[in-house]
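Descriptive structure summary
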Amino acid sequence: RSNPSQSTISAQPTIYIPFPTETTPAPIFGSIKIGKNELNVEIASTPEAIQLGLSGRKEIGSDGMLFEINPPRQTAFWMKDMLFPLDLIWIYGNKIIGIEKNVPTPTAGITDDKLPLYNSPSSVNYVLELPASSTSKLKIDLSSQISIPR
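None of the values given here were measured: they were computed from a predicted structure.

1. Some details on the overall build of the protein chain
Looking only at helices and strands, the protein chain features 2 helices and 11 strands. Each helix and strand of the protein chain, ordered N terminal to C terminal, gives the series β-β-β-β-α-β-β-β-β-β-β-α-β. Residue burial in the protein chain is summarised as follows: out of 150 residues, 42% are buried. For the protein chain, the share of sequence-separated contacts (at least 6 apart) that also reach a separation of at least 24 residues comes to 71%.

2. Some remarks on the sheet that holds strand S5 (residues 64–73)
The strand order S8-S7-S10-S5-S4-S3-S11 describes an open sheet built from 7 strands, whose pairing is mixed. Among the strands making up the open sheet, the edge pair consists of strand S8 (95–103) and strand S11 (146–147). As paired strands, strand S3 (residues 28–34) and strand S4 (residues 37–44) are joined by 7 bridges and run antiparallel to one another. Bridging across to S4, glycine 30 finds its partner in valine 41.

3. Examining the packing of aromatic side chains
Summed over all chains, the structure comprises 2 aromatic pairs. On the numbers, 5.0 Å between centres and 85 degrees between planes, the contact of phenylalanine 67 with phenylalanine 77 is edge-to-face. Of this pair, phenylalanine 67 sits in strand S5 while phenylalanine 77 sits in strand S6 (residues 75–77); the two residues are 10 residues apart in sequence, bridging distant segments of the chain. Here phenylalanine 67 and phenylalanine 77 have matching classes, each one buried. Ring plane angle 85 degrees and centroid distance 5.7 Å describe the contact between phenylalanine 77 and tryptophan 90, whose orientation is recorded as edge-to-face. A residue pair is termed long-range when its members are at least 10 positions apart, and phenylalanine 77 in strand S6 and tryptophan 90 in strand S7 (residues 86–92) qualify at 13 residues. The rings of Phe67, Phe77 and Trp90 are connected pair by pair, giving a single aromatic cluster.

4. Details of the confidence of the model for the protein chain
When pLDDT is averaged across the protein chain, the result is 85; 83% of the residues are at 70 or more. Contacts for the low-pLDDT stretch residues 4–21, under 50 throughout, to residues beyond four places or in other chains number 40 contacts.

5. Structural notes on the pattern of salt bridges
Per the counting criterion, the structure on display carries 3 salt bridges. Put simply, aspartate 112 and lysine 80 hold a salt bridge, and the shortest N to O gap is 3.1 Å. Taken together, the residues span a long stretch of sequence, with aspartate 112 in the loop between S8 and strand S9 (118–119) and lysine 80 in the loop between S6 and S7 at a distance of 32 residues. Salt bridges sharing partners connect three or more residues here, namely Lys80, Asp81 and Asp112.

About the thresholds
Residues numbered from 1 in each chain as written. Predicted model: local features only at pLDDT ≥ 70, side-chain atom pairs only at ≥ 80, totals over all residues. Heavy atoms only, no water. Helix = DSSP H or I, 4+ residues; strand = E, 2+ residues; numbered from the N terminus. Buried < 20%, exposed > 50% of the residue type's maximum accessible area, 1.4 Å probe, protein only. Contact = heavy atoms within 4.5 Å. Pairing = 2+ DSSP bridges. Phe/Tyr/Trp six-rings, centres within 6.5 Å; stacked < 30°, edge-to-face > 60°. pLDDT = per-residue confidence, 0-100. Salt bridge = Lys/Arg side-chain N within 4 Å of Asp/Glu carboxyl O.

Next up, the structure:
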């Protein structure tokens, strides 16, 4: 899930603390294609949905979560309050520019300031979170074709 993101003004990441609200809209789902795989994903496009991500959930509830990063920028994710490990796929345009495999859940008792950050290799306009090992199981790599109809 998203937390820190790099501002277009500053080279330093800014940490955002997630804030679930009672007015959070119902999830939006869509289909994307990666290689030969069609995935049903929850789409996080509002700042609140991006900041909250999959925090506190026991399962994803779909094949994954797609974060829309607009405007495109270099960003960083963390695993605050995550209950299961993930694969992170960094996307710019319709090209996978990086994959972070098997990102673990936080160690019990770790403080927010000690949580590891997972940085995109460069500017992205999408980040896809899948259950850990999905990229290996689905044979997703940097050469995989991706189609995100938006």
